[in-house]
Every structure is written in C-alpha cells, then in structure tokens.
Amino acid sequence: MKPIVRFAPSPTGFLHVGGARTAIFNWLIARKLHGKFLLRIEDTDRQRSTEESIRQILEGLNWLGLNWDDDIVFQSARNDRHKEVVEDLLANDHAYRCFCTPEELESKRLYAEQHKINKRYDGTCRKLSREQISEFLERKMPFSVRFKIEEQKTEFTDLIHGRHQTDLTDMDDFIIQRSDGTPVYQMAVVVDDHDMGVNLVLRGDDHLSNTPKQILLYKALGWSIPQFGHLPLILGKDKTRLSKRHGATSVQEFRNNGILPEALFNFLCLLGWNPGQEQEKMSREEIIDLFEVNRINHTPAVFDEQKLAWLNSRYMVEMPFDQLLFHAEKWCKDNQYSLRPDEEERFMFYLKIIQVRSKTLTDLYDFLKIYFDSPQIYDEKGVQKYFKKEGVSELLKKLRGTLSSLDDLHFDAIDKLDGLIRQFAAEHNLAAAKVIHPLRLALTGRTESPGIFELMHILHKDKVISRIDSAVDYINNL
RNA sequence: GGCGCGUUCGUCUAGUGGUUCAGGACGCUGGCCUCUCACGUCGGUAACACGGGUUCGAAUCCCGUACGCGCUACCA
C-alpha cells in the first residue's frame, strides 16, 4: 500500500528542527514508496496561531526541499465537518453531552488530588437521563461532548516501538468538543487524517500516550485505523527537550547562520535514523533510497551543533563550483559589489581557495568581503604580535617601495611573488615569516588567511599597495 | 500520584545470545604537511546506568532499582 502521510504543524512559531525532522521522515517515506506527503496546518488555537508563523513554516519546508502534495488543509476551515462527526458519535451513543462547568471539574480534580484518589472524571453526566438532558438543553445550558469509553484496553503496533497495550480502565471519558462547539485536538486529528486518507501517522513521541484515544475514535466511527510510528524527541545539550535556551532551534536561524539546507537535512536524518552504512554524508536521493522506518531509533537524541557544523563544512568543501559561484554572485549583488572584467579570473581563483576554509556560507561571505574591502579593523592579537614590533612600519614601507616598482605583470605569477618576498626577507636578514605575518595582517586584517602569495596575486598590485599604506598609517598612529 | 516511553564512548550511532577485553563518525588530543588558518594524512582518548536472574555463554532475553522524558486539560 502506498503511504499517505502528513505533516501537521500548529502555526504558533517558527519551524522547529524537531518539527522539521518529523516532516523530513514523513517526506522520505512518501517519496521512497511513491505515496503522498500532505500538509495540514493545525490552526484551531486561534489565540496563538498567526499568519506570519504559517509563512515561516512554509518557507522553512521549501528551503529544506520538502515539497508537499495536494492543497494545504487548514484545520480551522473544517469546523463544520468536525461538528458533524461529533453529532454522529452522539447519535450512536459513543459520546454524550457533559453539562459540568470547567469550574466544577476543576474543584473535583483538586479534591481528588488532595485526597489522593483517582482524579479522573467521575462520569456524572454519563448517567444523565433523557429527560434531564432535554431539560438542560432547553435551559440552554452550555455543554461539552465527551467520548464514552467502553472497552477495557486497546492495542496497536507502533512502527518504532513495537506492540503497545493500554489499560483503559483509568482513562477519562475525554472531551471531544468544547462548549463553544469547536473540536478538541484528539477529535480534529482523527477526522482530518481520515478525510485526507492518511494511512500512516509518523509523529513525535509526545503523542504516543494519546494514540489509544484516537484509536478508540477510529473504532467508534467504523473507520480504518492508520499505522502509527512515534519518533523520539530531540534533546538539547543538557538532555532536556530542545528549546530556545539551547541556542538556535528554528530552521530559519540555521539558514541565517550560513548552514546549507542539504546539510541540515542530512544531519537531521542522522538524528535517530541510521542508514545502515558507515558513510554519513548522503545526497537526498541516497537517503530516500536507504531510508527505512525500522532503522529509526527509539532513543531521544541530543542535537549536536558541532557535528552539524562539521557536516556543513563537508557540504561547503564538496560544493560544485557553479553552485559556489552562484552563492558568491548573489552575495555580491545583494551587497552591491561588482567586478571589473580583468578581475574575474583572479576572483574565481580566490573562490577556489577560500572554499576549503569556509565552514558556512557566512564564512564564505566574510572571505569575499576581504577581497572587496580593505580591513576596517585589525585583529587585536595580531596587532600586539606583529604591528607593535620594532621597525615594522619601516619594513612595510620598504616592502611597499619594492612592490610599487614592480610591473603589474609580476603579480600574475605566484611563484615570482614567493621568490620576491623571500628574497626581500633575506636581504633584511629576516626569516620569511617575519615579513609574511605583518603583511597578512595588513592585507586582510586577520592572522589567518589563504596563502599570502596567492593572496597578493588575487588582490593584485593596486590593492596590495593601498592596503600596505593603510596599515602603515594605522601603525604610525598606534 | 497513576499510566507510558527510554537508558552502548562527552555527542550521533553499529551491534538483535558466542566470530566484539564492543566497530564507525563528531569532538577532544599527539605527530606530519606549512608563511598563518583550513584541508589532507598517520596515531591516541573514551561506553554496554545499577542490581539480580535465565543460559555452557548476555550489550543483546526476564525482573527490579535509579535517572530522564512524555501523557494524565473544554493545549496542540
């Protein structure tokens, strides 16, 4: 049977990585077995749901490449249908009206808690007579609708956890419709999943204990029960549920931090699922191919940002050049930097040598900035170590003199620059490093960078000279 | 409180009764490379929560304990 799965976020915030992973796993099953991946927005909580959140969630899914099938279902638009099903349940005696007020229930609960007795609903309204009910209805008393539990236990096989039995004897006759006529979550999911044809529900572990209730509803309605699979949660470093205080948790934040979608996708897959092979960096196609629900773990996994960073760096390094160029050009355009035709070749070369040093897109952009702009600030430690040394200003000035007397063509050959700097150092009785380090700081503002001779070639004569000048000024003003 | 889920290196995990004094990856760490950084490369580090069983034999099966998490709402 082809799986029809769904992702059903409630639009009360950004797309969380936990939600994203749930979406990914669902998407993978659908794509692997040529089923459908549906999207439903659970916006019944009108207070907390926002348009902006919906936008963010869709954007996050798109960014991760999780395309959905069919039209998006908005739960709030299905109120009438939910009511209709509740009416059926009422008519078939699978549910009953409860006229207890929230206040009454609350005080009963409190009492039960204090006296350490079972605090489940006492079933007052379950025993109401026909006459009482019509009387209450006539008096227009508000009521909620409760599901009548009649079975002793339910049983189902969870795709991830295996056989799962629940003793129903101490479960409440749970509410399925609020007194304002809106359905409660348990009711809405069942109706929507059924109507959407969902036959496999893969969701977070936190719904595991709710599943028996839903199964009861399916049975009462005479609907076929989907398969269920419950994914372990994602935890933060301190092993508690991943939340804002653990740092970045929304897909959007990772995007802003220069993480590539394919890296986050790949990483999230590895959280709780094992491909059954040692290779961990996998393309979307490979993952679809290897994905198996029965290789999903049942242990909660800690979100390891360092490993994500590593994976991302692999994606950066192995990125095809045209893609790298695409990102670079987009950045240039966004920041209004442009190249003269004679610069292009050197710029491409620069891209290649900064690629291996960029662990994120942000790193890449930082390197690009070095190409276009003279250093605005110099690394503080570098200044201490190289600029505050005796005679550095004079040394750079002399170097500037030597370089400025060179022909432009000299900057086209990296090995010539190499020879020149080493010779210059030798003439001043210095180790080459003594010249290279201050020069690097002058050209980039940093203590680390790609090879200095490559850099001189890339920046070419004009930029090299003017940056040395700025550095000399800076040193003289120290 | 009740019910449920879970527990292999710091982290992600492999492992489904013997071929494992537990394999891979990230991290950390030592060397090499070197103008710095990164990459690369060769090494190192470190785990079956605890206690009982079952068995010739247990990380693997069973039972307790501890710890963590979830549900127990007219939240989703």
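Look a little higher up for the structure.
Criteria and cut-off values
- Residues numbered from 1 in each chain as written.
- Chains lettered and ligands numbered in written order.
- Predicted model: local features only at pLDDT ≥ 70, side-chain atom pairs only at ≥ 80, totals over all residues.
- Heavy atoms only, no water.
- Axes fitted to C-alpha atoms, helices over the stretch in contact; angles between N-to-C directions.
- Helix = DSSP H or I, 4+ residues; strand = E, 2+ residues; numbered from the N terminus.
- Left-handed = near helix turned anticlockwise from the far one by under 90°.
- Contact = heavy atoms within 4.5 Å.
- Nonpolar A, V, L, I, M, F, W, Y, C, P; charged D, E, K, R; others polar.
- Pairing = 2+ DSSP bridges.
- Near = heavy atom within 4 Å.
- Polar contact = N/O pair within 3.5 Å; in protein donor to acceptor, adjacent residues only side chain to side chain.
- Buried < 20%, exposed > 50% of the residue type's maximum accessible area, 1.4 Å probe, protein only.

Across the interface, helix 17 (residues 414-427) lies against helix 18 (residues 432-444) with an axial gap of 8 Å and an inter-helix angle of 115°. Considering only the axes of helix 17 and helix 18, their crossing is right-handed. Across the interface between the two elements, Ile421, Arg422, Phe424 and Ala425 of helix 17 pack against Ala432, Val435, Ile436 and Leu439 of helix 18. Residue composition of the contact of helix 17 with helix 18, grouped by class: seven nonpolar, no polar and one charged.

Before going further, it helps to examine the sheet that holds strand 8 (residues 175-177). Taken in spatial order, the three strands make up an open sheet running 4-5-8, and their pairing is antiparallel. A single partner strand is all that each edge strand has here, and the edge strands are strand 4 (95-98) and strand 8. Between one strand and the next, the sheet's axes are offset by a mean angle of 45°, whatever the strand orientation. Inspection of the sheet shows strand 5 (residues 144-147) paired to strand 8 by two bridges, in the antiparallel sense. Directly across from Val145, in strand 8, lies its bridge partner Gln177.

Let's shift gears to the protein's contact with RNA strand B. Around RNA strand B, the structure places 64 residues, and the nearest of them are Arg178, Gly272, Glu280, Arg357 and Ser449. Of all atoms in RNA strand B that approach within 4 Å of the protein, 74% are sugar or phosphate atoms. Ser10 places a polar side-chain atom, nitrogen or oxygen, 3.2 Å from a sugar or linking oxygen of RNA strand B. Within the side chain of Lys239, a nitrogen or oxygen atom sits 2.9 Å from a phosphate oxygen of RNA strand B.

Backbone geometry at His34 places phi at a positive 55°, although glycine is not the residue there. Looking at the secondary structure, you find His34 in the loop between helix 1 (17-32) and strand 2 (36-41). Residue classification places His34 among the exposed residues on the basis of a relative accessible area of 59%. At Asp93, a position not held by glycine, the phi torsion is positive, near 65°. Note on placement: Asp93 falls in the loop between helix 3 (79-91) and strand 4.

These results come straight from atomic positions and should not be treated as a statement about function.
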